[in-house]
Amino acid sequence: MSDPDPLVFAPPRGTTQRPLFGMKLLLVEDSRFAAEAVRMMCLKSGARLRRADSLAAAHRHLASYR
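The rules behind these values
Residues numbered from 1 in each chain as written. Predicted model: local features only at pLDDT ≥ 70, side-chain atom pairs only at ≥ 80, totals over all residues. Heavy atoms only, no water. Salt bridge = Lys/Arg side-chain N within 4 Å of Asp/Glu carboxyl O. Helix = DSSP H or I, 4+ residues; strand = E, 2+ residues; numbered from the N terminus. Buried < 20%, exposed > 50% of the residue type's maximum accessible area, 1.4 Å probe, protein only. Arc of directions from axis to C-beta. Contact = heavy atoms within 4.5 Å. Pairing = 2+ DSSP bridges. Right-handed = clockwise from strand over helix to strand, strands pointing away. pLDDT = per-residue confidence, 0-100.

Engineer: Help me out: how do you make sense of the pattern of salt bridges in this one?
Structural biologist: Tallied over the entire structure, the rule returns one salt bridge. One salt bridge connects Arg 39 with Glu 36, and the closest N-O pair in it is separated by 2.7 Å. In this pair, Arg 39 and Glu 36 are both assigned in helix H2 (residues 32-45), three residues apart and thus about one turn of the helix distant. Residue classification places Arg 39 among the partly exposed residues on the basis of a relative accessible area of 30%.

Below, the structure is given as structure tokens:
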């Protein structure tokens, strides 16, 4: 039996155009306008963004999505 191809199991890596490709971020920000600006930057950089408007909401999110 041969070893599995390491490229199949490698996590996604960023590129110069999308340095955050494959990352998931949780932003704790109560301003929708500021959160939207950060979301647009993250999308352009390749990351997926989730937003929580308080620390309590962030804790609930982390408990649910880990």
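Now, onward.
Engineer: How should I be thinking about helix H3 (residues 55-65) in this particular structure?
Structural biologist: Each α-helix winds once per 3.6 residues, and so residues spaced three or four apart point in a common direction. Buried residues of H3: Ala 57, Ala 58 and His 61, and no others. Summarising the axial view, the buried residues of H3 lie within an arc of 100°, below the 170-degree limit, and thus occupy one face. In H3, the exposed residues that point more than 90 degrees away from the buried face are Leu 55, His 59, Arg 60 and Ala 63. On its buried face, H3 sits against strand S1 (24-28) and strand S2 (48-52).

Engineer: I would appreciate a short explanation of the pairing of S1 in the present structure.
Structural biologist: Sheet faces and side chains relate simply in a regular strand, where the side chains alternate between the two faces. By the bridge criterion, five bridges tie S1 to S2 in an arrangement that is parallel. Along S2, the bridge assignment pairs Leu 27 with Arg 51. On the question of chirality, the crossover connecting S1 to the parallel S2 by way of H2 is right-handed.

Engineer: When you look at the confidence of the model for the protein in this model, what are you seeing that I'm missing?
Structural biologist: Detailed reading of the predicted coordinates is not advisable wherever pLDDT is low. Residues at a pLDDT of 70 or more form 76% of the protein, whose mean pLDDT is 82. Across the protein, element-level confidence peaks in S1 with a mean pLDDT of 93 and bottoms out in helix H1 (residues 6-9) with 51.

Engineer: How do you make sense of the side chain of His 61 when you look at a structure like this?
Structural biologist: Examined against the element boundaries, His 61 turns out to sit in helix H3. Discounting chain neighbours no more than four positions away, the residues touching His 61 are Leu 26 and Arg 50.

Engineer: How should I be thinking about the environment of Leu 55 in this particular structure?
Structural biologist: Locating Leu 55 in the fold gives a position in helix H3. Linking Leu 55 and Val 28, residues 27 residues apart in sequence, is a C-alpha distance of 6.8 Å.

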